[in-house]
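If you want the building blocks of each chain, they are given just below.
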Amino acid sequence: MSEAAVNVALFGAGRIGKIHAGNLVRQPGASLKYVVDVNAAFAQDLATKHGAKVVDAQTVFDDPSVKAVVIGSSTDTHADLIMRAAAAGKHIFCEKPVDLTIERARACAQAVEKAGVTCLIGFQRRYDPTFAALKARIDAGEIGTPELLVVTSRDPGPPPVDYIKHSGGVFKDMLIHDFDIFRWILDDEAQTVYASGSCLVDPAIADAGDIDTTAVTITTRRGRICQINTSRRAAYGYDQRFEVMGSDGMLQAGNVRPTEVTAYGRKTVGTDLPEAFFLERYRAAYAVEMAHFFDVIATGKPARTSVKDGLAALVLAEAAAKSFREGKPVEVGDHADGKLSDVLAAVGAAAQ
């Protein structure tokens with residue numbers, strides 16, 4: 001990264017904001033100048049820890065010395081902050097999802113493209129060392145042509161019901177990462193999506209209008225298959241793994257554990273359980289992701305996970321939600337916003 005100082009403002013001082021702040025201040029030449037959060041105590045604690053100042057959003061956008069923003073605030077703030085940051089000419093790092101509606105997400109993508117700024121969306125799984133190594137081996141041809149992807153994604157327990165009520169539903173909140181993994185690993189786009197689901201973990205989730213257990217089957221334009229199974233409950237920890245079957249073999253990416261010690265006894269062989277949750281599982285990925293963001297700012301090269309990737313994953317989530325509601329497979333883009341290819345193409349055309 002260039003040695004020129006990059007002043008940054010952070011939106012959101014909750015658990016993910018704290019992770020991003022810690023990784024941000026480790027970047028050469030980066031400085032956390034401002035923290036913005038509706039929770040004044042959280043904001044002040046984080047600002048004090050890193051020598052920053054608590055301000056309101058308008059102060060951030062009015063300050064020309066702020067070159068970049070990191071958005072880790074609630075989902076309902078993402079689109080507005082992205083568009084305001086783009087209009088102010090500031091580079092953007094934003095947690096997923098871009099928004100809960102395709103229309104607003106597309107408007108964000110258009111604003112970013114028109115402004116010519118970087119907008120990296122926080123699909124941290126692409127930055128995980130194990131997942132990235134598997135992808136590199138696929139690209140090197142180790143297993144020939146990928147034909148089948150199976151993704152397992154299970155949280156140790158559900159979030160609070162109050163969170164679920166405003167999350168946009170399991171497909172947009174939880175599976176948004178898995179839809180991005182699908183596009184990245186197979187380097188293909190979906191043709192059809194079939195989603196089924198149940199509420200097996202907590203009846204209160206059903207009362208909130210959502211489900212907690214899903215299975216999604218995607219058929220790609222090239223006829224490949226992806227199967228994603230997810231649950232809001234895994235008694236043994238945070239379960240994140242996938243396997244790719246190819247014409248010449250198979251690659252698997254397993255869970256990360258606190259240690260890799262294996263105990264051999266007379267009756268059993270044991271290992272540590274998987275990491276407790278996503279903050280522990282993806283601690284390395286979050287660090288790599290933030291370093292990549294500042295490298296992109298310094299070099300001008302494309303972000304590995306762009307706002308268009310955020311839009312594309314949201315289109316898949318919308319298709320899955322429709323499939324679940326209707327109980328049948330749907331063509332991707334078989335909704336008011338048109339096909340995925342058309343949605344993405346419209347971003348560039350509107351930004352001209």
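Thresholds, definitions, all that
Residue numbering note: each chain is counted from 1, following its sequence as written. In keeping with the predicted nature of the model, local features appear solely for residues at pLDDT of at least 70, side-chain atom pairs appear and are counted solely at 80 or more, and the whole-chain, interface and lining totals rest on all residues. Hydrogens are left out, water is left out, and the side-chain values use all remaining heavy atoms of the structure. Think of it in three bands: residues with accessible area under 20% of the maximum for their type are buried, residues over 50% are exposed, and the middle band is partly exposed, with areas taken using a 1.4 Å probe on protein chains only. Helix and strand labels come from DSSP, where a helix needs a run of H or I of at least four residues and a strand needs a run of E of at least two; each type is numbered from the N terminus. Note: two strands are recorded as paired if DSSP finds a minimum of 2 bridges between them. Should any heavy atoms of two residues lie within 4.5 Å, those residues are counted as being in contact. Note on geometry: axes are lines fitted to C-alpha atoms, helical ones only across the stretch in contact, with angles between N-to-C directions running from 0 to 180 degrees. Put simply, buried Ala, Val, Leu, Ile, Met, Phe, Trp, Tyr and Cys residues joined by side-chain atoms within 4.5 Å make one nonpolar core. Patch membership requires over 30% relative accessible area and the absence of a salt bridge. Like charges are linked within 9 Å, and nonpolar side chains (Val, Leu, Ile, Met, Phe, Trp, Tyr) within 5 Å. Here the open area of atoms and residues is found with the Shrake-Rupley method and a 1.4 Å probe, where only the protein chains shown may cover a residue. The salt bridge definition used is simple: a Lys or Arg side-chain nitrogen within 4 Å of an Asp or Glu carboxyl oxygen.

A. A look at helix α1 (residues 15–24). Of all 10 residues in α1, seven are buried; the element is thus mostly enclosed. Residues Ile-16, Gly-17, His-20, Ala-21, Gly-22, Asn-23 and Leu-24 constitute the buried set of α1.

B. Highlighting the sheet that holds strand β6 (residues 119–122). Spatial strand order, β3-β2-β1-β4-β5-β6: six strands in an open sheet with parallel pairing. Where the open sheet ends on each side, the last strands, each with one partner, are β3 (53–54) and β6. One ladder, built from six bridges, connects strand β1 (residues 6–11) with strand β2 (residues 30–36); its direction is parallel. The residue bridging Asn-7 from the neighbouring strand is Ser-31, located in β2. The strands that helix α4 (residues 75–87) touches are β1, β4 (66–71), β5 (91–95) and β6; relative to β5, the one it contacts most, it runs at about 170 degrees.

C. Broad picture of the environment of Ala-85. Relative to the elements of secondary structure, Ala-85 occurs in helix α4. Its relative accessible area of 0% is what places Ala-85 among the buried residues. Residue contacts for Ala-85: discarding those within four places in its chain leaves Phe-61, Val-69, Lys-90 and Ile-92.

D. Examining the nonpolar core more closely. By size, the foremost hydrophobic cluster in this structure holds 98 residues, and its most contacted members are Val-60, Ile-92, Phe-171, Phe-179, Ile-185 and Phe-242. The greatest single-element share of this core, amounting to 10 residues, is contributed by helix α13 (residues 307–326). Those residues in contact with Phe-179, other than ones at most four positions away along the chain, are Phe-171, Val-216, Ile-218, Ile-228, Ala-313, Leu-316, Ala-317 and Ala-320.

E. The arrangement of a nonpolar patch on the surface in detail. Together, Leu-148, Met-245 and Met-250 line one region of the surface with nonpolar side chains, adding up to about 230 Å² of accessible area. Tracing the backbone shows Leu-148 in strand β7 (residues 146–154). The exposure class assigned to Leu-148 is partly exposed, which follows from its relative accessible area of 34%.

F. Broad picture of the environment of Met-83. The residue Met-83 is located in helix α4 in this model. Considered as a pair, Met-83 and Lys-49 are 34 residues apart in the sequence and their alpha carbons are 29 Å apart. With sequence-adjacent residues up to four places away left out, Met-83 is seen in contact with Arg-104, Ala-107, Cys-108 and Ala-111.

G. Fine view of the pairing of strand β11 (residues 239–246). Bridging between β7 and β11 involves eight bridges; their strand directions are antiparallel. Along β11, the bridge assignment pairs Val-151 with Phe-242. Bridge count between β11 and strand β12 (residues 249–253): five bridges; the pairing is antiparallel. Opposite Gly-246, over in β12, you have Gly-249 as the bridge partner. Here β11 hands over to β12 after two residues, the two strands then running antiparallel side by side.

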